[in-house]
Amino acid sequence: MMRLLRLGAVAGLLLGSTGCGDGGRVSEADYLEAVDEFTDCLADHDVQVINHGWDPVNRLSVSFSYAAENGEPSQQGLACEEKHLTPVSMAYADQATAVMAEDLRAYVRVCLAGRQVAVPAKVTGLAGFVAAAGEEAASSCVSAGLATLYPDSPAVLGSR
C-alpha cells in the first residue's frame with residue numbers, strides 16, 4: 001500500500017530554523033535538493049517511493065506516495081520526511097508564489113469562458129481564478145482540468 005504525502009504550507013513556521021537559502025529564504029533549488037535527500041533516504045532504507053512531481057494547482061509542493069506498513073505510514077518514511085524535507089518544504093510553500101501549471105491554467109480559462117467568465121491574462125494562480133469567477137465555478141473547472149490533464153496525479157484543490 002502506498003501513502004499519499006502532500007507537502008504544503010503550514011502557517012507559523014520560523015523560517016530562520018530551516019538552515020537553507022539566504023537568511024532563511026528557501027529557493028526552488030533548496031527545495032528540490034531536499035526532495036532528492038528525502039527520496040535518497042527512502043531508497044537507502046528500501047522504502048518504495050513514487051514522485052508525482054509538482055502539484056499542478058499551485059506548484060508549491062511535490063507530491064509523493066510511499067510504502068506503508070500494515071496500512072500505517074512507514075515509520076522510516078516519516079523519519080526521512082522529518083529529517084530531510086519537512087522544514088524546507090514548509091518554508092518553500094510559505095515563501096514561493098502559487099502559480100498554476102500552464103496547461104491547467106489554459107484548461108480553466110477555456111472552461112470559464114464557456115460559462116461566460118473572462119479571466120484577466122495576468123491571473124496565474126487559483127486565488128485569481130476564484131476572485132474572477134467565484135469559488136464554485138473556479139473549483140469546478142480546476143477539478144475538471146485535473147481529471148482531464150492529470151488523471152493519475154494525487155493533486156487536489158487546496159487553499160492557495
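In this text, all values refer to a predicted model and were calculated from it rather than measured experimentally.

Cut-offs applied
- Residues numbered from 1 in each chain as written.
- Predicted model: local features only at pLDDT ≥ 70, side-chain atom pairs only at ≥ 80, totals over all residues.
- Heavy atoms only, no water.
- Core = buried A, V, L, I, M, F, W, Y, C linked by side-chain atoms within 4.5 Å.
- Buried < 20%, exposed > 50% of the residue type's maximum accessible area, 1.4 Å probe, protein only.
- Axes fitted to C-alpha atoms, helices over the stretch in contact; angles between N-to-C directions.
- Helix = DSSP H or I, 4+ residues; strand = E, 2+ residues; numbered from the N terminus.
- Parallel < 35°, antiparallel > 145°, perpendicular 65-115°, else oblique.
- Left-handed = near helix turned anticlockwise from the far one by under 90°.
- Contact = heavy atoms within 4.5 Å.
- Nonpolar A, V, L, I, M, F, W, Y, C, P; charged D, E, K, R; others polar.
- Phe/Tyr/Trp six-rings, centres within 6.5 Å; stacked < 30°, edge-to-face > 60°.
- Pairing = 2+ DSSP bridges.

Trainee: Looking at this structure, I do not really get the nonpolar core. What am I missing?
Mentor: Within soluble globular proteins, side chains that are nonpolar tend to cluster in buried spots. Core analysis: the largest hydrophobic core is formed by 19 residues, its most contacted members being Y31, V35, F38, L42, F64 and L85. L112, V117, A137 and L146 belong to the second largest nonpolar core, which has 17 residues in total.

Trainee: What is the right way to look at the packing of helix α3 (residues 102–113) against helix α5 (residues 135–149) in this model?
Mentor: Relative placement of two packed helices is described by the angle separating their axes and the distance separating the axes. Contact geometry of α3 with α5 gives a least axis separation of 9 Å together with a crossing angle of 130°. Our classification of the angle between α3 and α5 gives oblique. Like other packed secondary-structure pairs, α3 and α5 cross with a definite hand, here right-handed. Here α3 contributes D103, L104, Y107, V108, C111 and L112 to the contact with α5, which in turn contributes A137, A138, C141, V142, A144, G145, L146, T148 and L149. For the contact of α3 with α5, the class distribution of residues is twelve nonpolar, two polar and one charged.

Trainee: Looking at this structure, I do not really get the packing of aromatic side chains. What am I missing?
Mentor: What characterises a pair of aromatic rings is the spacing of the ring centres plus the angle enclosed by the ring planes. Taken as a whole and judged by the stated rule, the model has five aromatic pairs. Taking 4.9 Å as the distance between ring centres and 20° as the angle between the ring planes, the aromatic pair formed by Y31 and Y92 counts as stacked. Here Y31 is found in helix α1 (residues 28–44), whereas its partner Y92 is found in helix α2 (residues 75–95), with 61 residues between them in sequence. Of the two residues examined, Y31 and Y92, each falls in the buried class. Centre to centre, the rings of F38 and F64 are 5.0 Å apart; their planes meet at 75°, and the pair counts as edge-to-face. Of this pair, F38 sits in helix α1 while F64 is found in strand β3 (residues 62–69), placing the two residues 26 residues apart along the sequence. Here F38 and F64 have matching classes, each one buried.

Trainee: I'm lost on the pairing of β3 in this one. Help?
Mentor: Residues in a regular strand point their side chains to alternate faces of the sheet. As judged from the five bridges shared by strand β2 (residues 49–54) and β3, these two strands associate in the antiparallel manner. Within β3, the residue paired with V49 across the bridge is Y66. Alignment of β3 against strand β4 (residues 72–73), held across two bridges, turns out to be antiparallel. Residue pairing across strands places A68 opposite P73, the latter belonging to β4. Between β3 and β4, which follow one another and run antiparallel, lie two residues, and N70 among them has a positive phi close to 55°.

Trainee: Please explain the packing of helix α4 (residues 126–133) against α5 as it appears in this structure.
Mentor: Following both chains from N to C, one finds α4 and α5 inclined at 130°, their axes separated by 7 Å at the closest point. In terms of their interaxial angle, α4 and α5 are classed as oblique. Between α4 and α5 lies a crossing whose hand is right-handed. Here L126, F129, V130 and A133 of α4 come into contact with α5, specifically with E135, A137, A138 and V142. Residues of the contact of α4 with α5, tallied by class, amount to seven nonpolar, no polar and one charged.

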